[in-house]
Amino acid sequence: MKKGKTLSLAVIAIAFGLGSTALADVNPPLAALPPVPVPKDNPQSAAKIELGKLLFFDSRIGGDASVSCADCHAPKQGWGFNDPISRGYPGVIHWRNSQTVINSAYLGKLFWVGAAKSLEAQAPGAALGGVSGNGERDMVEARLAFIPEYVKRFNDVFGDDWPKVNNVWKAMAAFERTLIHDNTPFDKYMRGDKKALSAQQVRGLKLFEGKANCIECHNGPLLTDQKYYNLGLPRAEEWLDNGMAQITFRYEQYAKGVTEKMYRTIKNDAGLYYRTKEKSDMGKFRTPPLRYTAYTAPFMHAGTFFDFDELVDFYNDGGGSNEFTDGTFASSKTKLLKPLGLTDGEKADLISFLESLSGPEIKMSTPKLPPYAPLPPATN
Amino acid sequence: MAGVFGTAVLLLRGLAMNRKVSSRIARVSVLGSMLMTLAVGAVAIAPAAMAADFGPVKPAKVNAKKAALGKRLFFDPRLSGDAAISCSTCHIPAKGFSDGLPLAKAYPGSEGFRNTPTLINAAQKAAWFHDGRIGTNLNDVTRESITETYTMNMDMRLMQERVKQDPIYVQMFKDAGYGEPSNGSIRKAIPEYLKTLTSRGAPFDMGKMSSEAQRGFDLFKGKAGCAQCHSGPRFTDDQPHNTAVPENPEIWSNPLRHVTYVSFAKFMGLENYMNHRRDVGANIRLQKSDGSNIGKFMTPSLRELKQTAPYMHNGMLATLADVVAFYNRGGGNDTNKDPRIKQLGLSSEERANLVAFLESLSGDALTGPEHVWKDKINVNYVAIQDWLQKKN
């Protein structure tokens, strides 16, 4: 009966050209995390995962051989970076919050505005980007060719005569597919252990799905719909008082190809707009997943909130306003955000539920990395 | 035959007068070699024709404000990716704008596989780098040096925004007539500065050569045959030749240097680069199927040699006496060695005379404020106040 009603609503909505909005109302239910998806062209193997782990921690992938993936995705910082906006390559700071690698294997849209569609595509974006790894493909391949253990491992895993850079990304992705966080109280609860959540957390879950309406975007087993929304978040404070941050901010406008008029006047991160160049996409960012958040503060693309209290207050107030909500650049704020009228008790319940989305910390120390060696004599 | 011969001499002379413009020099060389092919024996007269060119390097016309801006940029480490090195890290004024090392240091994380060449008089070169792979203009050379992974590894868009963050630069770009800082004008200002690096005060140019050096000059033009390639005001024909300089084993035994070579050779599209154990030199741009261009390197200028030891593209010869001894024994061993490199049979006195002559081509060190940015450069970026109100 309910299904029939939704369908007829959808038919009416499509008739008025509002199909997608209406259909999006059918929110996938929250659920325990399923097995990690593995792409057919990059199957997992123990040797590949071990190789990927070494590469993830190896700073020789970065331009000046001083930065690895693990510098901005630090295991001790929630596999992210605990400043509002991430550190970057030496001499630079980044302009967005570093997202956790944990559970990233489930995402179909990586980076804050979905610029990569797979872990294999995300890795080079980060390793080669001017304000992140600043590496270069030929140099990465050349360096790896002079590390005999890598030569052997790439040959074993991929059959490469000499390590191929595209296989670097594949091995890293395979390693990242092992960084799964599915033993949370929430997952246990969803698998049927009704004692896994406290009474307060169960009340928070009800609020999450009901009055607070978090589930509108944070749904399904990942607690994200992987869609893009403008919440009216404030700009990173670093841009107001940090010269290096101001440089990167302008660089990003320049590098992402905005109009000169926009380059001159923009003072905030226009998000999805940089990819689509659609005014209606200004200020939109992809809904982040919510697992492992006990370790990944500060939150949001610019690291605006340092704890769940600040986060919940923001939503309880109906989100914020900025130049992408007030018509200065756009009026793209999502209509889904409204003042929630949560009591202090309800806020506490909701936060208690959010805490159930994290289990034990995933710890890892830097592995011993293999050294360079001269090449053997030429073979011809 | 005599008519063709005479015309060739006149043309060579006439064309040699027009050496100012680098692109024209390249054309002169092509024309020159065509004429030499036509006129048998023209090679023999070439040194005499070029001998007229020996003399001071003419200072280039320079815009002082643009050059001053270029000078500050040259000494500013923020022009490299991780802000650790500037142009002057390898091109050190007190070392004749080279670095005194056999092989260059390169960007952090890498080491170089060639000797850092001097930048003095470099603005007048026809082609740049030891293999001559950049032969268009200094703007391209500047871009290449700043952006190449193993030199300064800089994203020029980021460089532009760094420079815009420094109020001193904002004013200097304005004063120089460039408007606001841009990566395009950075690549114009640095060449303008490089144009100020002109040799001056060499005994050879001042008419102050010792009699020993004068005898060396005669040998240079005659018995020793140096002038066949080392001709013109900078004492170079701006052409690649194979003199069979021995390979520097350090390139192939030190992984950090060999890595850089591989990265370079791979990027340049050379075949079989993992098996190279000899720097291919000019073959990078002149890839003949018979491999005859392997091992050719651009004839270096002989100016300011006293400041720029060690010598050759790979720094294998430590002193000028070593260089003269190398040529006296007919260079090194290589199947593609230029046939003009033969044993010279110079006596020890003659060799000493040649060294004295080479030393007479070195002039004043360019280490004063005219050529060196002396003020401390504050590399910490100051935040723009009232950022929200300011246009980016």
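Calculation criteria
Residues numbered from 1 in each chain as written. Chains lettered and ligands numbered in written order. Predicted model: local features only at pLDDT ≥ 70, side-chain atom pairs only at ≥ 80, totals over all residues. Helix = DSSP H or I, 4+ residues; strand = E, 2+ residues; numbered from the N terminus. Rg over C-alpha atoms; globule rule 2.2 N^0.38 Å. Contact = placed C-beta atoms within 7 Å. Buried ≥ 20, exposed ≤ 12 C-beta atoms within 10 Å, placed from the backbone. Nonpolar A, V, L, I, M, F, W, Y, C, P; charged D, E, K, R; others polar. Domains from an automatic or database assignment. Core = buried A, V, L, I, M, F, W, Y, C linked by C-beta atoms within 7 Å. pLDDT = per-residue confidence, 0-100. Axes fitted to C-alpha atoms, helices over the stretch in contact; angles between N-to-C directions. Parallel < 35°, antiparallel > 145°, perpendicular 65-115°, else oblique. Left-handed = near helix turned anticlockwise from the far one by under 90°.

**Q** Is there a simple way to explain the overall build of chain A in this structure?
**A** If you tally the helices and strands in chain A, you get 16 helices and 2 strands. Here chain A has a C-alpha radius of gyration of 22 Å; the compact-globule value for 380 residues is 21 Å, and the two agree. By its C-alpha atoms, chain A is 75 × 55 × 40 Å across when sized along the principal axes. Across chain A, the fraction of contacts at a sequence separation of at least 24, relative to all contacts at a separation of at least 6, is 68%.

**Q** Help me out: how do you make sense of the overall build of chain B in this one?
**A** For chain B, the helix and strand inventory stands at 15 helices and 2 strands. Within chain B, the fraction of its 392 residues that count as buried is 49%. Put simply, of all contacts in chain B between residues at least 6 apart along the chain, 70% involve residues at least 24 apart.

**Q** Even after reading the chapter, I still don't get the interface of chain A and chain B, so can you show me in this structure?
**A** Frequently, the measure chosen for interface size is the accessible area that the parts lose on association. Each partner contributes residues to the interface: chain A has 41 residues there, and chain B has 35 residues. For the side of chain A that touches chain B, the secondary-structure elements that each account for two or more residues are α6 (137–145), α11 (238–241), α12 (243–255) and α13 (260–265) of chain A. At 8 residues, the largest contribution of residues to the side of chain A that touches chain B is made by α12 of chain A. Its residues placed into classes, the side of chain A that touches chain B shows 22 nonpolar, 11 polar and 8 charged.

**Q** Whenever I open this one, the domain arrangement of chain A confuses me. Can you help?
**A** All names here are of chain A. In terms of domains, chain A is made up of domain 1 (46–176) and domain 2 (183–355). If you look at the interface, domain 1 gives 25 residues, while domain 2 gives 29 residues. For the side of domain 1 that touches domain 2, the per-class residue count stands at 12 nonpolar, 10 polar and 3 charged.

**Q** Teacher, can you tell me more about helix α7 (residues 156–164) of chain B here?
**A** Think of an α-helix as 3.6 residues a turn; residues three or four steps apart then line up on the same face. With 7 of 9 residues buried, α7 of chain B lies mostly within the body of the structure. On its buried face, α7 of chain B sits against α12 of chain A together with α6 (138–147), α8 (167–175) and α9 (183–194) of chain B.

**Q** What exactly am I supposed to notice about helix α4 (residues 64–74) of chain B here?
**A** Residue and element names in this part refer to chain B. By the criterion of burial, α4 is predominantly enclosed, with 8 of the 11 residues buried. Within α4, the full set of buried residues consists of Lys66, Ala67, Ala68, Leu69, Gly70, Lys71, Leu73 and Phe74. Where the residues of α4 are buried, they touch α5 (87–90), α8 and α9.

**Q** Can you help me understand the environment of Gln239 of chain B in this one?
**A** All names here are of chain B. With respect to the helices and strands, the residue Gln239 is situated in the loop between α11 (211–221) and β1 (240–241). The class for Gln239 is partly exposed, based on 18 C-beta atoms found within 10 Å. For the pair Gln239 and Asn272, spaced 33 residues apart in sequence, the C-alpha separation works out to 26 Å.

**Q** Where do I start with the nonpolar core in this structure?
**A** Nonpolar side chains tend to gather and get buried jointly when the protein is soluble and globular. Of all hydrophobic cores here, the largest spans 142 residues; its most connected members are Leu55, Ala171 and Met172 of chain A together with Leu194 and Leu197 of chain B. If you tally residues by element for this core, the top one is helix α8 (residues 165–176) of chain A, at 7 residues. Setting aside its immediate chain neighbours within four residues, Ala171 of chain A contacts Lys48, Leu51, Gly52, Leu55 and Val157 of chain A. Core analysis: the second largest hydrophobic core is formed by 30 residues, Ala202, Cys226, Leu305 and Ala356 of chain B among them.

**Q** What's the story with the environment of Leu73 of chain B in this structure? I'm lost.
**A** All names here are of chain B. Structurally, Leu73 can be placed in helix α4. Here Leu73 falls in the buried class, since 27 other C-beta atoms lie within 10 Å of it. Considering only alpha carbons, one finds Leu73 and Val323, 250 residues apart in sequence, at a separation of 35 Å. The contacts of Leu73, once residues within four sequence positions are left out, are Leu79, Ile186, Ala189 and Ile190.

**Q** Teacher, can you tell me more about the confidence of the model for chain B here?
**A** For any part of a model where pLDDT is low, the fine detail of the predicted coordinates should not be relied upon. Of all residues in chain B, 87% have pLDDT values of 70 or greater, and the mean over the chain is 89. Across residues 1–52 of chain B the pLDDT falls below 50, and counting only partners more than four positions away or on other chains, this stretch makes 46 contacts in the model.

**Q** What's the story with unusual backbone geometry in this structure? I'm lost.
**A** Residues and elements named next belong to chain A. Between Ala297 and Pro298 the backbone carries a cis peptide bond, its omega angle lying at 0°. Along the polypeptide, Pro298 turns up in the loop between β2 (285–286) and α15 (308–316). Positive phi values are uncommon outside glycine, yet Tyr292 reaches one of about 70°. Locating Tyr292 in the fold gives a position in the loop between β2 and α15.

**Q** Please clarify how the packing of α6 of chain B against α9 of chain B should be interpreted in this entry.
**A** Pairs of packed helices are described in terms of their axes, by the angle between the two and the distance that separates them. Residues and elements named next belong to chain B. Look at α6 against α9: their axes get within 9 Å of each other, and the N-to-C directions meet at 110°. When the axes of α6 and α9 are compared, the pair comes out roughly perpendicular. Relative to α9, the crossing made by α6 is right-handed. For the pair α6 and α9, contact is made by Leu138, Asn139, Thr142 and Arg143 and by Arg187, Lys188, Ile190, Pro191 and Leu194, respectively. Each residue belonging to the contact of α6 with α9 can be placed in one class, and the counts come to 4 nonpolar, 2 polar and 3 charged.

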